[in-house]
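Here is how the chains run, residue by residue.
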Amino acid sequence: NVVRAKWRSGAPTVALSGIGWIQGASWRGWDGELAGATLKNAELMVFEFSGKAKLTDVDTPRAFQGSFGRLRVPVLGSDGALYVASQSNGTVYRAAPPSVTTPGTHDLNGDGFDDLVVGVPGDDVRGNKDAGSFVVVYGTANGLGARKKGERRTQASMLGEQVGGGDQTGGAIAVGDLNGDGTSDAVVGAPGESISGRSEAGAFHAICGRSSGVDRRSSQTFSSAGSVAGKAEGGDRLGSAAATGDFNGDGFDDVAASAPGENRGKGAVTVLPGSRGGLVTSGSKQLTAEGSRRGDAFGHAVVAGDFDGDGRDELAVGAPQAGSGRNGQVSVFAGRARGLAATPQQILGAQAAGPAAAYFGAALVTGRFNNDQFDDLVVLAQDGNGAAVTVFYGGTNGLDTSEVLTVAETGNVGLNGAVGGSLGAGDIDGDGIDELMLGAPNANSARGAVAVFDRSESGPTTSTWFSQNGSVPGLAQVGALFGASLRVADFDGDGFGDVAVGAPGTRVKGKQGAGAVVVLAGSATGLSPNDTASRRITLATPGVPGKPGAGDGFATAL
């Protein structure tokens, strides 16, 4: 397996005394496999050797020069972090945080701290209602946005394009390294954009990250008007959802962008390969569901993950109104050397009755929840009684449908079953195993709430709920939609995943629906709402460009 982790100079995240490699059960043990690394494209390319795996890169592993002097060849711990030992003092350093399932890094300016891209699809730009924009809030050692000015971009300021009313730029956000330069890039959906006179045909934009921040010169726009597969049609809403993943194993993240309204609601997903020059249309393809019907909404949600551990990501696509009884299903497309397979490897349906059996595929997320080396898939379903998450575990043959965990939440926070929940996953306590989060924006008269599922050896189980009730920054407002979007990343570089929670309906300075992001800091004991890195961010926050407006929907997507 190949794991890419950016090397960051400066003080190590963790220093452990002792000579040699990591030992002891306190770290859940090194997994026993030999590993090597080489410095390539400003990233550590780490290889894990075993009797069943082979080297997937031709470079010869070797020792490398780091900021602490000459270091031994690093090993990959079972928690997904890199461990290196200094030859000069024998100290073992953890050289990368253990956020093993964050899809690539979220560092858009290469400073070693994850950043947050915030979609503002209701932003009125130059008199154009709901033209939309996105805002980049940069991470620092003191947390997200602390003493570091962010950036606000529209189609005009970022792409030099004409701004149109109803474009809804920022309606979907994804982050990945599309050009392999070690700095993350952003994918921004504009599902309401008119293309060739076709209303709501949709488009998406690839925004390159650089040391100075997001780069206008290298940004790209894609639509069905000649640049990608398919034909631009009114109501397609291309760019409604997006995901990044390395589907062909070439070291560059690729992009999957959905058009759930394609062909009168049957839905489709457009896939573009990454390359050293960014996204390319050569080799692009359009995925559809077999036997689809109008209204299936194939592509309502998309997510990438390596479910079989072969070094190439698979793509899971949610169609919440497809299948028997229109209860929803999820199609999984296998990664191949030439890109994603044209037909699904697996089609997943509800595994239990009740809330788990309605609108299955409303949201998707990947994570590692049972301490193995395979990504797992979580599917959200909802009905009038509540919501349920179903966990499908990865393995050598892909997702295992014989051992599935379903956890239902019914009524304990006033869930009313309205569509619009979200999922998040990441390692918030630094133990190397991901936690699962469920956003319930419609709970408690749409004040919203977020559940963090406790972990057992078999995976996520019971949940702890967070809401803006005094323990979380911000006030609980009717219609705030706290939990409408979720993103887990390490914004302060302390090795613990922090959770960004979108509340796009929040009233700010009297502007209803201006929107807010609430950041909850991770720690060894879990989320710490009272930590100094926990905070509420809006368009009225110092250092965040722009000003709040009614209906902006700041943090509709993260």
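Residues numbered from 1 in each chain as written. Predicted model: local features only at pLDDT ≥ 70, side-chain atom pairs only at ≥ 80, totals over all residues. Heavy atoms only, no water.

Chemist: Break down the nonpolar core for me, citing the residues and quoting the values.
Modeler: Within soluble globular proteins, side chains that are nonpolar generally end up buried alongside one another. Counting residues in each nonpolar core, the largest one holds 19 residues, and the members touching the most others are V378, L380, V389, L423, L436, L438 and F453. Sorting the residues of this core by element identifies β25 (363-367), β26 (376-383), β27 (386-393), β28 (400-409), β29 (422-426), β30 (435-440) and β31 (449-456) as the ones contributing at least two each. Per-element accounting of this core gives the leading share, four residues, to β27. Beyond its immediate sequence surroundings of up to four residues, L380 is in contact with Y359, F360, G361, A362, A363, A387, A388, V389, G421, S422, L423 and L438. (Core = buried A, V, L, I, M, F, W, Y, C linked by side-chain atoms within 4.5 Å. Buried < 20%, exposed > 50% of the residue type's maximum accessible area, 1.4 Å probe, protein only. Helix = DSSP H or I, 4+ residues; strand = E, 2+ residues; numbered from the N terminus. Contact = heavy atoms within 4.5 Å.)

Chemist: A description of the sheet that holds strand β16 (residues 213-223) should follow, citing residues and the corresponding values.
Modeler: One open sheet accounts for four strands, arranged β13-β14-β15-β16; its pairing is antiparallel. The two strands at the open ends of the sheet, each matched to only one other strand, are β13 (172-176) and β16. Neighbouring strand axes in the sheet, compared pairwise and without regard to direction, differ in orientation by 20 degrees on average. Judged from the seven bridges that link them, strand β15 (residues 203-210) and β16 form a sheet pairing that is antiparallel. What sits directly across from A206, in β16, is Q220. (Pairing = 2+ DSSP bridges. Axes fitted to C-alpha atoms, helices over the stretch in contact; angles between N-to-C directions.)

Chemist: Before we move on, could you go through the sheet that holds strand β34 (residues 498-503) and cite the residues and values that matter?
Modeler: Pairing in this open sheet of four strands is antiparallel, and the strands run β33-β34-β35-β36 from one edge to the other. Either end of the sheet is taken by a strand with one partner, and the two such strands are β33 (485-489) and β36 (535-537). Along the sheet, successive strands turn relative to each other by an average axial angle of 20 degrees, direction set aside. Across five bridges, the pairing between β33 and β34 is antiparallel. Counted as the bridge partner of A489 is D498 from β34.

Chemist: Describe the packing of aromatic side chains, and please don't skip the residues or the numbers.
Modeler: Two aromatic rings, taken as a pair, are described by how far apart their centres are and by the angle between their planes. In the structure shown here, the tally under the stated rule is three aromatic pairs. Aromatic pair F204 and F222: ring centres 5.5 Å apart, planes at 25 degrees, arrangement stacked. Here the residue F204 occupies a position in strand β15, and F222 occupies one in strand β16, the gap between them amounting to 18 residues. Per residue, the accessibility class of F204 equals that of F222, and both read buried. (Phe/Tyr/Trp six-rings, centres within 6.5 Å; stacked < 30°, edge-to-face > 60°.)

Chemist: Can you lay out the pattern of salt bridges for me, pointing to particular residues and giving the numbers?
Modeler: Counting across every chain of the model gives eight salt bridges. D296 is paired through a salt bridge with R293; the nearest N and O atoms lie 3.9 Å apart. Judged by its relative accessible area of 3%, D296 falls in the buried class. R293 gets classed as partly exposed once you look at its relative accessible area, which sits at 36%. Ionic pairing is found between D310 and R312, a salt bridge with its closest N-O pair at 3.8 Å. Overall, the relative accessible area of 29% leaves D310 in the partly exposed class. On the basis of relative accessibility, which here comes to 25%, the residue R312 falls in the partly exposed class. Several salt bridges share partner residues, and in doing so they unite R293, D296 and R326 into one network. (Salt bridge = Lys/Arg side-chain N within 4 Å of Asp/Glu carboxyl O.)

Chemist: Would you mind going over the environment of A256 in detail, with residue names and values included?
Modeler: Within the secondary structure, A256 sits in strand β18 (residues 254-259). A relative accessible area of 0% places A256 in the buried class. Remark: the alpha-carbon pair of A256 and L315, spanning 59 residues in sequence, is separated by 8.2 Å. Contacts of A256, omitting those with residues within four sequence positions, involve A241, A242, A243, F247, V269, T270, V271, V302 and L315.

Chemist: Any chance you could break down the pairing of β15 for me, citing the residues and the numbers?
Modeler: With respect to burial, β15 is a largely interior element, seven of its eight residues being buried. Examined bridge by bridge, strand β14 (residues 185-190) and β15 share five bridges and lie antiparallel to one another. Looking across to β15, one finds that V188 is bridged to H205. The antiparallel pairing of β15 with β16 creates a hairpin that spans two residues between the two strands.

Chemist: Account for the confidence of the model for the protein chain, naming residues and giving values.
Modeler: Averaged over every residue, the pLDDT of the protein chain is 77; residues scoring 70 or more account for 74%. Of the regions scoring below 50 in pLDDT, residues 1-104 engages in 236 contacts with residues more than four places distant in sequence or in other chains. Between residues 412-419, whose pLDDT stays under 50, and residues either more than four places distant or in other chains, the model counts 23 contacts. (pLDDT = per-residue confidence, 0-100.)

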